[in-house]
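# Breakdown of the fold
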Amino acid sequence: MKNISFRTDVLPLKNELFRLALSITLNRADAEDVVQETMLRVWNRREQWDAIESIEAYCMTTCRNVALDRQKRMENQNASLEDVECEAPDHSYSANPEEQAVQRDRVDRVRRLMALLPEKQRTCMQLRDIEGKSYKEIAAVLDITEQQVKVNIFRARQTIKQKYLEQEKYGL
């Protein structure tokens, strides 16, 4: 029997859940709402926690499903996703302000290109390259095989690389 604590096992996942929700909703306020809804759903199912193999995978899957449901509702209401907000830029690249600006531009372009990917590819890439999850963990969250995870990540990276190079060659 597992002894799962909301405070020590679930609550520390809030940042990972937020980043996953943000990668799907592309809106900070919506992502915060998704995380809050996820935490409520997980809390309300606390009687079943002992039957859950991985509380982290359960939380990530719940978060993904809540975010996707929210997106479907927004699409049905013809809501616009124009106000995409990005996280703070990485200032560790160099002390040179010009190089920092170039690096921030590159990161922003990659994020914009990631936002254009199909949801499954974007989520796989987010969980692998940004969250550092293993293929097995991603497969559990998305309820797909590890091979499908690898294929989605490969296709996402190829698409981003191709579109990034097109932008470099022809400009924005």
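These notes cover the structure that comes with them. These figures come from a predicted structure and were not determined experimentally.

Conventions and cut-offs
- Here the residue numbers are simple positions, counted from 1 along each chain's written sequence.
- For this predicted model, a pLDDT threshold of at least 70 governs which residues receive local features, and a threshold of 80 or more governs which side-chain atom pairs are given and counted, while totals over whole chains, interfaces and linings are taken from all residues.
- For side-chain calculations, the full set of non-hydrogen atoms in the structure is used, while hydrogens and water are omitted.
- Strands here are runs of E lasting at least two residues and helices are runs of H or I lasting at least four, both read from the DSSP assignment and numbered beginning at the N terminus.
- Burial classes follow relative accessibility: with a 1.4 Å probe on protein chains only, a residue under 20% of its type's maximum area counts as buried, one over 50% as exposed, and anything between as partly exposed.
- Any pair of residues with heavy atoms lying within 4.5 Å of one another is described as a contacting pair.
- Here the accessible surface of atoms and residues is derived via Shrake-Rupley with a 1.4 Å probe, and residues count as covered only by protein chains that are part of the display.
- Each axis is a line fitted through C-alpha atoms, taken for helices only over the stretch in contact, and angles between the N-to-C directions span 0 to 180 degrees.
- These descriptions rest on fixed angle ranges, namely under 35 degrees for roughly parallel, over 145 for roughly antiparallel, 65 to 115 for roughly perpendicular, and the rest for oblique.
- Rotating anticlockwise by less than a right angle from the far helix to the near helix defines a left-handed crossing, while the corresponding clockwise rotation defines a right-handed one.
- Residues are sorted three ways: Asp, Glu, Lys and Arg are charged, Ala, Val, Leu, Ile, Met, Phe, Trp, Tyr, Cys and Pro are nonpolar, and all the rest, Gly among them, are polar.
- Take the residue count of a helix, subtract one, and multiply by 1.5 Å to get its expected span.

So, on to the overall build of the protein chain. When you go through the protein chain residue by residue, the secondary structure sums to eight helices and zero strands. The order of α-helices and β-strands along the protein chain, N terminus first, is α-α-α-α-α-α-α-α. Split into buried and exposed, the 172 residues of the protein chain put 37% on the buried side. Of the contacts made within the protein chain by residues no fewer than 6 positions apart, 65% connect residues no fewer than 24 positions apart. Accessible surface for the protein chain amounts to roughly 10700 Å². Of this, 48% is attributable to carbon and sulfur atoms.

One can describe the packing of helix α2 (residues 14-25) onto helix α3 (residues 28-44) by two numbers: an axis separation of 8 Å at closest approach and a directional angle of 130°. In terms of orientation, α2 lies oblique with respect to α3. As for how α2 packs across α3, the hand of that crossing is right-handed. For the pair formed by α2 and α3, the contact residues are Lys14, Leu17, Phe18, Ala21, Leu22 and Thr25 on the first element and Arg28, Asp30, Ala31, Glu32, Val34, Val35, Thr38 and Met39 on the second. Class assignment of the residues belonging to the contact of α2 with α3 gives a composition of eight nonpolar, two polar and four charged.

This part takes up helix α5 (residues 97-116). Here α5 spans 29 Å end to end across 20 residues, near enough to the 28 Å set by a 1.5 Å rise per residue. Tucked inside the fold, the buried residues of α5 contact α6 (119-130) and α8 (146-170).

Fair warning: the whole summary comes from geometry, so function is off the table for now.
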